[in-house]
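Commentary on secondary and tertiary structure
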Amino acid sequence: MIATPDRTPLPREFFDRPVLEVAPDLLGRLIVRSTLDGPIELRLTEVEAYDGPNDPGSHAYRGRTARNEVMFGPPGHVYVYFTYGMWFCINLVCGPPGRASGVLLRAGEITDGAELARTRRLSARNDKELAKGPARLATALGVDRSLDGTDACAGGETPLRALTGTAVPSDQVRSGPRTGVAGDGAVHPWRFWIANDPTVSPYRAHTPRRRRS
C-alpha cells in the first residue's frame, strides 16, 4: 500500500541546515504553485546544491548583489533568476540568514494540474517531459521573477509552497556532477536524483557559449 503524501508545509527548520543535507532530502517533497488559472503540484525528483561562498558555481560566490539578495535572507524562501535571456529557474534558500546557499529545482513529476502544465509546455512529447529540466520545471509551474522572495514555508495562500510529501529512502538517491556548471564548480557531485525515475533530466557537461563576432 502506497502511503498518502504528507501535505503539511515543510517547516523553516528543514531549510535551516547545510545545503548538502537539504538537497537530497528535498527529493519526494511536493511543490504547489497557485495561479489564477488553478493549482499545479509537482513531486521533486532531481535537484542541485549550490553552496554560496564555498562554491564557484553559485550566484552568491562573489558576494551579495541586487540579483541574489534573496539568497542571503531567511531559509525557506524562493530565489528566481533569469538565464540565457529566455528562461527562469527556481531555487529554495537554505542555511542561516547571511550565509547564502540554495537548491536548484531541476526536475519533477506533475502530480496535479497536468492539464494546465501542458498549455505552458506545448513542446513536451508526454507528461514525463513537462518538468524535465530546471527551465521546463519553471515554465510548467508558471514561475517568473515576481515569485522571487516568496516564503515557501508560509502555507495558506502563498503563490508557491513546499509540502512534506514523502521522503525518498537513501538507497534510492543518486548523486553526480552538476549539469552545465563550468570551471572549479564543475567537480562537485552535488546533483541529486531519484534512481530510475523517468522525469529526471539527462546529464550534460558545460559547453562554452560562442561569442558573436
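Calculation notes
Residues numbered from 1 in each chain as written. Predicted model: local features only at pLDDT ≥ 70, side-chain atom pairs only at ≥ 80, totals over all residues. Heavy atoms only, no water. Buried < 20%, exposed > 50% of the residue type's maximum accessible area, 1.4 Å probe, protein only. Helix = DSSP H or I, 4+ residues; strand = E, 2+ residues; numbered from the N terminus. Contact = heavy atoms within 4.5 Å. Patch = residues over 30% accessible without salt bridge, like charges linked within 9 Å, V, L, I, M, F, W, Y side chains within 5 Å. Areas by Shrake-Rupley, 256 points an atom, 1.4 Å probe, with all protein chains shown as cover. Salt bridge = Lys/Arg side-chain N within 4 Å of Asp/Glu carboxyl O. pLDDT = per-residue confidence, 0-100.

1. What about helix α4 (residues 134-141)?
Extensive coverage of α4 is indicated by the burial of six of its eight residues. For α4, the complete set of buried residues consists of P134, A135, L137, A138, A140 and L141. Elements in contact with the buried residues of α4: β2 (30-35), β3 (38-50), β5 (87-94), β6 (101-112) and α3 (114-120). At the C-terminal side of α4, G142 shows a positive phi close to 70°.

2. A word on unusual backbone geometry
Within the chain, N196 stands out as a residue other than glycine whose phi angle is a positive 65°. For N196, the location among the structural elements is in the segment after β9 (191-194).

3. Points about a nonpolar patch on the surface
There is a patch of nonpolar side chains on the surface, built from Y84, M86 and W87 and spanning about 340 Å² of accessible area. By the secondary structure assignment, M86 is in the loop between β4 (78-83) and β5.

4. Considering the confidence of the model for the chain
Residues at a pLDDT of 70 or more form 94% of the chain, whose mean pLDDT is 90. A low-confidence stretch, residues 208-213 (pLDDT under 50), is modelled with one contact involving residues beyond four sequence positions or located in other chains.

5. Quick look at the environment of P169
Assignment of secondary structure puts P169 in the loop between β7 (160-165) and β8 (173-176). Judged by relative accessible area, which is 41%, P169 ranks as partly exposed.

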